[in-house]
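For reference, the chains in residue letters:
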Amino acid sequence: MKFALPAVAAILLSGPVAAEPFADWLDGVRAEALANGVGQSTLDAALRDLKGPLPRVLELDRKQWKRDVTLDWYLNRVISDERVDRGRQLGRRYRSLLTQVGEQYGVQPRFILAIWGIETHYGKITGGFPVLGALATLAFDGRRQDFFRGELLEALNIVAQERMEPASMLGSWAGAMGQSQFMPTSFSNFAQDYDGDGRRDIWTSEADVFASIAYYLKRHGWRDDITWGRGVKLPPGFDPDLIGLDVTRTIPEWQELGVRRLNGTDLPTRSLPASVVAPDYPEGDAFLVYENFRVTLAYNRSSFYATAVGILSDRIARGL
């Protein structure tokens, strides 16, 4: 899974300036990778073009939101009519493959499409940064140094094990790779070779991309017998202390507390655990979310993101 910076927070992401020269620091990385079994020739090929931190990566790492962000603003930015239509078109184009992947891994195809669509606009925008350079920059610069150093070392393992050309390992400025935007450790743990060509290719193989997304979700507890959640109406005077993922009730218990579907009718009667999410309460929309919503948070820790995946999946499904 990709490393996800919070989607809505205004956070100053500055860190301490590393005192050690970059070349000396990189020698330490090389020694550690050698000790972990990465071959000298692989390291020579992977690290020879790394001369220093990438300024654009540092700039993006320190970028702040310039305004307060609401859920509506985020959803309008992420879920366009064009993205919905494109998801429906690709859902029909890859119907057979998506059905096979969905049945094998137990993940409904519409959610695979939604994550694919939000992460990289269905593979169109995967990032043009050299992953090794981006990870080295973020590891050297000091913010979450241990995390990014671990991801860099894992990326070097991937170059060796997957027989990849380092120059072809492109991704986001934070090191998330391919159409599924996996960080290197997520690639190693969850990427799949679904097309059977001997490579886990999340850059150009839709079969591998779909299977990798599905396997990631399944390994984190996805259930294909439930959906993600639904928009709901909260009653007047609803207790705000009941809002949030730390409060769980069954659907019938939320019914007793006055929560209803958006059209005012009763909630489903299944006794599923659920939570109320309403980021902009008392204004804005509210949602009753289930376990699959929490699983989506493993992909990206923002509740805005998980809500967008759910809504986009619903809209795509209406046109399949």
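Quick note: structure is the one above.
Residues numbered from 1 in each chain as written. Predicted model: local features only at pLDDT ≥ 70, side-chain atom pairs only at ≥ 80, totals over all residues. Heavy atoms only, no water.

1. What to know about helix α7 (residues 109–120)
Consideration 1: Taking 1.5 Å as the rise per residue, α7 with 12 residues should run 16 Å; its terminal C-alpha atoms sit 17 Å apart, in good agreement.
Consideration 2: For α7, the tally of buried residues reaches 11 of 12 residues, placing the bulk of the element in the interior.
Consideration 3: Within the sequence span of α7, burial applies to Arg110, Phe111, Ile112, Leu113, Ala114, Ile115, Trp116, Gly117, Ile118, Glu119 and Thr120.
Consideration 4: Where α7 ends, the next residue or the one after it, histidine 121, has phi of about 50°, a positive value. (Helix = DSSP H or I, 4+ residues; strand = E, 2+ residues; numbered from the N terminus. Expected span 1.5 Å × (residues − 1). Buried < 20%, exposed > 50% of the residue type's maximum accessible area, 1.4 Å probe, protein only.)

2. Examining the sheet that holds strand β5 (residues 260–261)
Consideration 1: With respect to topology, five strands assemble into an open sheet ordered β4-β6-β7-β3-β5, the strand pairing being antiparallel. The two strands at the open ends of the sheet, each matched to only one other strand, are β4 (249–250) and β5. (Pairing = 2+ DSSP bridges.)

3. Notes on the nonpolar core
Consideration 1: Core analysis: the largest hydrophobic core is formed by 85 residues, its most contacted members being Trp25, Trp116 and Met169.
Consideration 2: Beyond its immediate sequence surroundings of up to four residues, methionine 169 is in contact with Phe129, Pro130, Val131, Leu132, Ala155, Ile158, Val159, Met164, Met177 and Trp203.
Consideration 3: Counting residues in hydrophobic clusters, the runner-up holds 17 residues, among them Val232, Val247, Val259 and Tyr290. (Core = buried A, V, L, I, M, F, W, Y, C linked by side-chain atoms within 4.5 Å. Contact = heavy atoms within 4.5 Å.)

4. Things to note about the layout of surface pockets
Consideration 1: Put simply, the second largest pocket is a space of about 270 Å³.
Consideration 2: A per-class count over the lining of the second largest pocket returns six nonpolar, four polar and six charged. (1 Å grid on protein atoms, 1.4 Å probe; cavity = no way out; pocket = protein on both sides within 12 Å on 5 of 7 lines; lining within 4 Å. Points joined across faces, edges and corners; volume = space filled by probe spheres on them. Nonpolar A, V, L, I, M, F, W, Y, C, P; charged D, E, K, R; others polar.)

5. Digging into the pattern of salt bridges
Consideration 1: Throughout the structure, instances matching the rule amount to 13 salt bridges.
Consideration 2: Taking the shortest distance from any N to any O, the salt bridge between aspartate 85 and arginine 88 comes out at 3.9 Å. Here aspartate 85 pairs with arginine 88, and both are found in helix α5 (residues 81–93), just three residues apart, close to one helical turn.
Consideration 3: Overlapping salt bridges bring together Asp61, Arg62 and Asp141 as one network. (Salt bridge = Lys/Arg side-chain N within 4 Å of Asp/Glu carboxyl O.)

Take it as geometry only, folks, not as evidence of what the structure does.
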